[in-house]
Amino acid sequence: MAVSGKYMAYVGSYSYTGKAKGITVYDVDVEKGVFHKRCEVEVDNSSYVIASSDGKTLYSIADEGVVAFRILENGSLSRLNSAKINGMRGCHLSTDADDKYIFVSGYHDGKATVLRLGKDGAVGEIVDGVFHKGLGSVAERNFRPHVSCCRRTPDNKFVLAVDSGLDQVKIYKFDEKDEHLVQVDMIPCDIESAPRCFRFSADGKFAYLLSEQKNTIDVFTYETGNRVPKIEKIQTISTTGKKASQQTAACALRFSPDEKHMFCGNAGDETVSVYNRDPETGLLTQICCLPISGEYPKDIAVFPDDKHIACINHGSGTITFFKVDYEKGLLIMSANEIKCNEPNSCAIVKVSD
């Protein structure tokens with residue numbers, strides 16, 4: 001797969017220890033499958049970063065709320081603004097396809113928050129926020145609400161909010177006229193499965209839900225509706241290999257750019273699983289589950305050539321690089337590891353042709 005243009009990688013890290021500033025900026029060598037450090041940008045405890053759908057803005061969770069940066073033509077970052085979310089610090093961000101809104105997930109306070117975005121990419125005011133209520137099972141990690149992932153559906157009619165504490169995915173109707181989150185349904189998950197995050201296929205026909213305690217990916221079909229969407233489970237597949245550790249927790253889920261493959265990171269087991277994905281049926285087939293020479297692969301960055309990945313290893317403070325051999329089912333280290341203090345997430349962005 002030939003790839004042209006210049007790419008950058010932005011990695012968010014905790015900064016409370018003083019060893020990291022917040023966001024590390026890297027030049028991406030697509031052909032060799034490696035990052036080269038350029039600089040660091042100050043953000044208080046950048047626990048999650050994403051690029052806008054148009055690739056012009058980078059957003060980061062921070063202690064102060066959500067911070068927006070303009071991505072310059074040379075890949076550098078210029079701070080736009082920040083906005084409070086009127087709650088405890090978030091854990092996950094997403095924007096819709098038109099970059100009209102940004103959705104913030106609150107693990108600590110169980111809150112889903114929606115903020116408006118400006119045409120320049122700046123974060124605007126809060127348009128709505130909902131605190132989840134209820135009790136999960138009697139367990140250390142999931143006895144109360146923990147909103148871990150919110151995304152707008154591809155039809156722009158609904159917002160799905162994953163709650164790892166309540167073991168469910170709440171479905172909200174979201175109308176741009178009144179800009180309110182109104183719950184209309186929910187997807188029940190297995191008790192103590194701890195659903196963590198999900199992703200929609202680009203065609204909007206399939207959703208993939210990762211559960212960190214059950215260590216599975218659930219595949220759903222998705223059809224729009226006026227009052228509620230039609231969502232049906234068609235597959236459950238393990239995130240691990242046959243000899244997984246009892247301490248394993250699935251923690252990252254990514255498509256390849258062409259969506260013919262999917263990647264999943266497993267903490268404790270310290271592995272990445274690679275899957276073939278059938279675009280017609282949406283079903284997954286595991287190719288391999290192999291170690292990534294690091295600890296706690298909290299995120300996976302898939303290079304635009306579909307041939308390389310970078311594992312963002314929070315526990316070991318490293319980023320490791322691999323070439324993927326889909327036919328043989330292998331992850332082949334493509335470069336030496338690089339150090340990065342407490343990395344949490346990564347966004348790869350095209351900045352020029």
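Residues numbered from 1 in each chain as written. Predicted model: local features only at pLDDT ≥ 70, side-chain atom pairs only at ≥ 80, totals over all residues. Heavy atoms only, no water.

Caption draft 1: Quick peek at the environment of Gly-65. Mapped onto the elements, Gly-65 comes out in strand β6 (residues 65-71). Using a relative accessible area of 7% as the deciding quantity, one classes Gly-65 as buried. Here the alpha-carbon distance between Gly-65 and Gly-121, two residues 56 residues apart in the chain, equals 15 Å. Residues in contact with Gly-65, not counting those within four places in the same chain, are Ser-60, Ala-83 and Lys-84. (Helix = DSSP H or I, 4+ residues; strand = E, 2+ residues; numbered from the N terminus. Buried < 20%, exposed > 50% of the residue type's maximum accessible area, 1.4 Å probe, protein only. Contact = heavy atoms within 4.5 Å.)

Caption draft 2: A look at unusual backbone geometry. The residue Glu-192 is not glycine, and still its phi comes out positive at about 60°. Tracing the backbone shows Glu-192 in the loop between β15 (181-188) and β16 (195-200). Positioned with a positive phi, Asn-215 is a non-glycine residue whose angle comes to about 55°. Position of Asn-215 relative to the elements: it lies in the loop between β17 (206-211) and β18 (216-223).

Caption draft 3: Region of the structure containing the pairing of strand β27 (residues 330-339). Across seven bridges, the pairing between strand β26 (residues 318-325) and β27 is antiparallel. The residue bridging Ile-319 from the neighbouring strand is Ile-338, located in β27. From the end of β26 to the start of β27, which pair antiparallel, there are four residues, and Gly-329 there has a positive phi angle of about 70°. (Pairing = 2+ DSSP bridges.)

Caption draft 4: Fine view of the nonpolar core. Ranked by size, the top nonpolar core spans 29 residues in total, and within it Tyr-208, Ile-217, Leu-253, Met-262 and Leu-284 carry the most contacts. Of all the elements in the fold, those that place two or more residues in this core are β13 (158-163), β14 (168-174), β15, β16, β17, β18, β20 (249-255) and β21 (261-267). The element contributing the most residues to this core is β17, with five residues. Look past the residues within four positions of Leu-253 in its chain and what remains in contact with it is Cys-197, Arg-199, Tyr-208, Leu-210, Ile-217, Met-262, Phe-263 and Cys-264. Judged by nonpolar contacts, the second largest core, of 18 residues, contains Val-11, Val-28, Val-30 and Phe-35. (Core = buried A, V, L, I, M, F, W, Y, C linked by side-chain atoms within 4.5 Å.)

Caption draft 5: Structural view of the sheet that holds β16. Taken in spatial order, the four strands of this open sheet run β16-β17-β18-β19, and their pairing is antiparallel. The open sheet has two free edges, formed respectively by β16 and β19 (230-238), since each of these has just one partner strand. Averaged over all pairs of adjacent strands, the angle between their axes in this sheet comes to 25°, without regard to strand direction. Looking at chain direction, β16 and β17 are connected through five bridges and run antiparallel. Bridge pairing in β17 links Phe-198 to Leu-209. (Axes fitted to C-alpha atoms, helices over the stretch in contact; angles between N-to-C directions.)

Caption draft 6: Spatial organisation of the packing of aromatic side chains. For the structure shown, the criterion picks out 10 aromatic pairs. Measuring from ring centre to ring centre gives 5.5 Å for Tyr-208 and Phe-255, while their planes differ by 90°; the resulting arrangement is edge-to-face. Of the two residues, Tyr-208 is situated in strand β17 and Phe-255 in strand β20; the sequence distance between them amounts to 47 residues. The two residues Tyr-208 and Phe-255 agree in class, both being buried. Through a chain of ring-to-ring contacts, three or more aromatic side chains come together here, namely Tyr-26, Phe-35, Phe-303 and Phe-321. (Phe/Tyr/Trp six-rings, centres within 6.5 Å; stacked < 30°, edge-to-face > 60°.)

Caption draft 7: Expanded view of the pattern of salt bridges. The final tally for this structure, using the stated rule, is 17 salt bridges. Of the charged contacts in the structure, one is a salt bridge between Glu-40 and Lys-37, with a shortest N-O distance of 3.4 Å. The exposure class assigned to Glu-40 is partly exposed, which follows from its relative accessible area of 26%. Notably, a salt bridge pairs Arg-116 with Glu-179, separated by 2.3 Å at the nearest N-O pair. In this pair, Arg-116 is assigned in strand β10 (residues 111-117) and Glu-179 in the loop between β14 and β15, connecting sequence segments 63 residues apart. Linked through salt bridges whose partners overlap, the residues forming this network are Asp-96, Lys-100, Arg-152 and Glu-176. (Salt bridge = Lys/Arg side-chain N within 4 Å of Asp/Glu carboxyl O.)

Caption draft 8: Region of interest: the sheet that holds strand β1 (residues 6-13). The strand order across the open sheet formed by four strands is β3-β2-β1-β28, and the pairing between neighbours is antiparallel. Both edges of this open sheet fall to β3 (34-42) and β28 (343-352), since each of them pairs with a single strand only. Taken pair by pair, the neighbouring strands of this sheet meet at an average axis angle of 25°, ignoring direction. As paired elements, strand β2 (residues 22-29) and β3 share eight bridges and run antiparallel to each other. The partner of Val-25 across the bridge, within β3, is Cys-39.

Caption draft 9: Fine view of the side chain of Glu-259. Its place among the elements puts Glu-259 in the loop between β20 and β21. Despite its burial, Glu-259 pairs with no opposite charge, the nearest such side chain being Arg-277 at 4.1 Å. For Glu-259, the side chain forms a polar contact with the main-chain nitrogen of Ala-202, separated by 3.0 Å. Ignoring anything within four residues of it in the chain, the contact list for Glu-259 reads Phe-200, Ser-201, Ala-202 and Arg-277. (Lys, Arg positive; Asp, Glu negative; His and termini not counted. Polar contact = N/O pair within 3.5 Å; in protein donor to acceptor, adjacent residues only side chain to side chain.)

Caption draft 10: Spotlight on the pairing of β1. Counting buried positions over the eight residues of β1 gives seven, a clear majority of the element. The pairing of β1 with β28 spans eight bridges and is antiparallel. Pairing of Val-11 across the sheet is with Cys-346, part of β28. Of the pairings in the sheet, the one linking β1 to β2 comprises five bridges and is antiparallel in character.

In short, geometric facts, not functional conclusions.
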